[in-house]
Structure formats: structure tokens, C-alpha cells
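Structural features, examined
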Amino acid sequence: MAWTCHMWHLVCENGWKVPLEQICYLIGWLWGYIIFGLVCDRFGRRNGFISALVVALPLGVALCFSPGYLSFMAIRIVFGAALSGIFLSFYIARLELCPPGLRLMITMIGGFFWLGGELLLPGVAVLCSDWKVLQGAISGALLLLSGYWCCHLLFPESPRWLLATRQLNRCKAELCLFSRANGIDTGEDFAEIDSLWRGFPRPRYYSFCSLVGTRLIWRNALILGFTTFIGSGIRPCFARNLMALGGSTPYFLQAGSEVLACISLCITVNHWGRRAVLLLFTILTGFCSLLLLALTQYLFTAVSIAISVLGSLSSHAVVMLSVFYASEVLPTVIRGSGLGIILGLSMLGRASFPMIVLQQRSGFFLHHVVFSSFCILSVLSLLLLPETKRKALPDTLRQGEGLRRPPLLLQATQDAVPLLSHGKPRADYNPDSYAQLASSTKKMIRSNSTHGQDNKALTND
């Protein structure tokens, strides 16, 4: 962006055009998430990816030949929307193709590739002598994704979505494709799928408006969307303290904290569960924010930077885990549109910092206070979420409504007293001990009944 600033003289009195372009770019991502989320739910994950790629490729080339600032900004808005569609379709498709035990690992691997691109971007920018060359390199990378379009096996349609929307014939075709690729002969026996619906059911599609009649799904989506918005909006509060280091150090510190956040999620989430870890990182984010808000002028520079790095780590973990959590809570029939709105809220949170820069940083303190207060509200609302650890993805609205909120700390314990456990004798069953327990119980009941009769006689006398 620095090259475009010098090319179109976006400095001094025209400096306000730089944050305006950043805001428009993020708004493009927001609308792209919403639009392509609807496309993924109506036409499928693969079709959503293809449509976004078809839009992104020519616009990526067109950016290299933008004659002026206004045309560059207009093309970049639509280009950002197309990139968000590619990201969203990939995210949903790989999630729905994974077994429950591998969902987190596959999602975090995708996150590591994203962060690898962020770490490589400054080096690629240095190698490119002009911003047009850099944009051409990005467009060339998008051209490699056309292999997913040409080869159906590299990006198949989600059988889970096909089955949830009653497209049985297409679902059978996709499953046959999987079986042939894995060398398994199914014999085209899909009696279990045919037994789900009689005859030839008509496909049924849903949108995010279907949440109006639900009781729990919309609440879970609202809580996770709010948490994602907070995690994205509060990050500039930590990035601002890192700017004192100057140069490219703040950028790499933030990228390094994001890598550590991914590693922390890989270690903790499968062990403690989604809700407990999200609650922990949200509390840590709020604590770091309040600490900087109250004690910045009294802290040493090194301590302030350390707290800012920790806050950046925890806030990024909140965003990543909230989006992943939402993808497990939302049912398959509305996962695209619901996740698109939640990711759009994260873009809205990120756009808050360029808005403050556009206002010449006059509202930064109020921004910090508001998002720190929101963290406290988010901690209270997270207690209402269900736990999705090692559970199958909900496919229908009814299954999404069936996700219940478990206790946060108390775990269900098995009763050791009954003679039978799940219809079978217990391994530690001792007939003599239980016989003594039964006889003692009978004696206690008889003594209590005799004592009660004596008390009743005395009362009558």
C-alpha cells in the first residue's frame, strides 16, 4: 500500500484516503462473507468456491492496471468479497469432511498456512519492486487454485450438506467417488440413505432467517458472533502499544503471537473442551486490556510490550476458537450463512481501528474502554454455550436445538452402589457384602416403622 501512496500522492492532506481504502476493503470482506455464505447454503460448498474464484481471478489482474484511486478502491472492494468467499467455502468444506476427532487439527493446520502467508508477505513485498508486481504474484497464486475447479476429486461437494438438504442422488454420486478413490467397493448399496426418506424427496434449502423459530441456535450464534467481534475489535488496543518499537517489529510480533495462539489451541482445546478454553482466553484478553487501560503510564516499556503481546495472543485465540466453535454449533443446513455473518462481524471489529485513524485517533481511549467492558459481558454470556467436544456436527435445526449446556466444572460421576451397571453385573460385585447391606436395610426399615407406631400410640394416649 505504501507504493500506491507514493504513486497517487496519498500523503499529507490526502492521507485520509489510506484508512478509507482499508475500511472499504474490510467492508468488502464483510459483504463477501454474507453473500457467499448464502451461496454455499443454497448451491453448495464447491459451487460457492467456484463462483468466488471466477470473480477473484479477473479482478486480481484488473487491480494491476488501475488508473486511479477511485477505480482501485472499487475493484479492491469486490476483490476482497471474492477472497472471503474462497476462504469461507474452503473452511466449511474441510470441516464437514473431517471426523469429529480431527476437526480441530485440520482447522489449525489451515490456520498455520494462513499465518505462514502473513509471515512470507513482507519478504515477497521486498522482492517485488512494484506493487503491481506484488498484485500479479497474488493473482498467480489464485490461478493455482483453478486446479480444485478442474479436478472434482480435489474439492468434492460435501456429502453431509447434500444429505441434509435431501439431494440423495448427488449424495450417492459423491460417496461413490470417495469409495472409488479409496479403493473400496460399496456395491452401490445405499439402503440406509434411501430409508431416510421415502420416494423422491424434493430438496429443501434453508437460510439464516430460519433461525427465527429456533430457541437455542440463534442464542449460540449471537454469543459467538459477539465474542468474535470483541476479539477482532480489541486487537488494535494491543497493537498500538507495539507501534513504539518502530519498523517491522510490531508486525512480526503480532504474527508470532498468532502462531503461539494456534499452538495453544492445539494443546488445550481437545483436552479441556471448547467452552472452557474460550472462557479462559476471553478472561485473559479482558485482563490484559484493563491492565493496559489503567496502568500504562506506570508500567515500564518492556512490561507494557509483554502485556500487549499476551493480549494479542489471547485475542487472536478468541477469534479463531469462536469461529471454529460456531461452525460446530450451527447445523449443516445454515452453516454457510451463519458462519458468514459471524466472520463478517470479525471484519467489522477489524474495521474499527481504521475508522479511528480516519478520525485522527480522537476516539481511541473510548474505543479501548468500550471493548474492555464488552469482554466482561462476553465472559458472562459464554457460560450459556453447549460443549461440542467429540460430538458429531448437527445437520438439521432439530439437532442444533438438541445441543445442551453442560456443567462447567462438575463432571458426571458413576454411581458405585447399584448391583447392576448398564444391565450387566459390576466387576467388583460381592454377593456377601450386598447381602449384608440388604439385611441391614431391612432391619433399619423395620425399626423405623416400629418406632413410628410407638410414637403414634403415645400420642393417642
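Residues numbered from 1 in each chain as written. Predicted model: local features only at pLDDT ≥ 70, side-chain atom pairs only at ≥ 80, totals over all residues. Heavy atoms only, no water.

Looking at an unreviewed UniProt entry, one finds the protein chain named Major facilitator superfamily (MFS) profile domain-containing protein, with Engystomops pustulosus as its source organism. Of the comments in the UniProt record for the protein chain, the one headed Subcellular location (unreviewed entry) reads "Membrane". (UniProt positions renumbered as here; feature names shortened; annotations may be inferred.)

1. Details of the overall build of the protein chain
The helix and strand inventory of the protein chain stands at 20 helices and two strands. Considering the protein chain as a whole, with its 461 residues, one finds that 44% of them fall into the buried category. Contacts spanning at least 24 positions in sequence make up 77% of the contacts within the protein chain whose residues lie at least 6 apart. As displayed, the protein chain has an accessible area near 24300 Å², and 67% of this comes from carbon and sulfur atoms. (Helix = DSSP H or I, 4+ residues; strand = E, 2+ residues; numbered from the N terminus. Buried < 20%, exposed > 50% of the residue type's maximum accessible area, 1.4 Å probe, protein only. Contact = heavy atoms within 4.5 Å. Areas by Shrake-Rupley, 256 points an atom, 1.4 Å probe, with all protein chains shown as cover.)

2. Some remarks on the state of the cysteines
Tallying each qualifying case throughout the model produces zero disulfides. Free of any disulfide, C375 has its nearest neighbouring cysteine sulfur in C237, separated by 9.0 Å. (Disulfide = S-S within 2.5 Å.)

3. Let's talk about helix α16 (residues 335–350)
The periodicity of an α-helix, 3.6 residues per turn, causes residues three or four positions apart to be oriented the same way. Here α16 contains 16 residues, and its C-alpha end-to-end distance of 23 Å stays within 8% of the 22 Å for a straight helix at 1.5 Å per residue. The set of residues buried in α16 consists of R335, G336, S337, G338, L339, G340, I342, L343, G344, S346, M347 and G349. (Expected span 1.5 Å × (residues − 1).)

4. Things to note about the side chain of T282
Considering the arrangement of structural elements, one finds T282 in helix α14 (residues 274–295). The exposure class of T282 is buried, given its relative accessible area of 3%.

5. Here's the deal with the packing of aromatic side chains
Considering all chains together, one arrives at 16 aromatic pairs under this definition. Ring centres of W29 and W114 lie 6.4 Å apart, and the angle between their planes is 85°; on these two criteria the pair is classed as edge-to-face. Remark: W114 occurs in helix α5 (residues 103–127) and W29 occurs in helix α2 (residues 17–43); sequence separation between them is 85 residues. We classify W114 as partly exposed; its relative accessible area is 41%. Chaining the aromatic ring pairs together yields one cluster made of Y25, W29, Y33, F87, Y91 and W114. Its end group placed over the ring of F43, R42 keeps NZ or CZ at 5.1 Å from the ring centre. Sitting above the plane of the Y205 ring, R42 keeps its charged end 4.0 Å from the centroid. (Phe/Tyr/Trp six-rings, centres within 6.5 Å; stacked < 30°, edge-to-face > 60°. Lys NZ or Arg CZ within 6 Å of the ring centre and 35° of its normal.)

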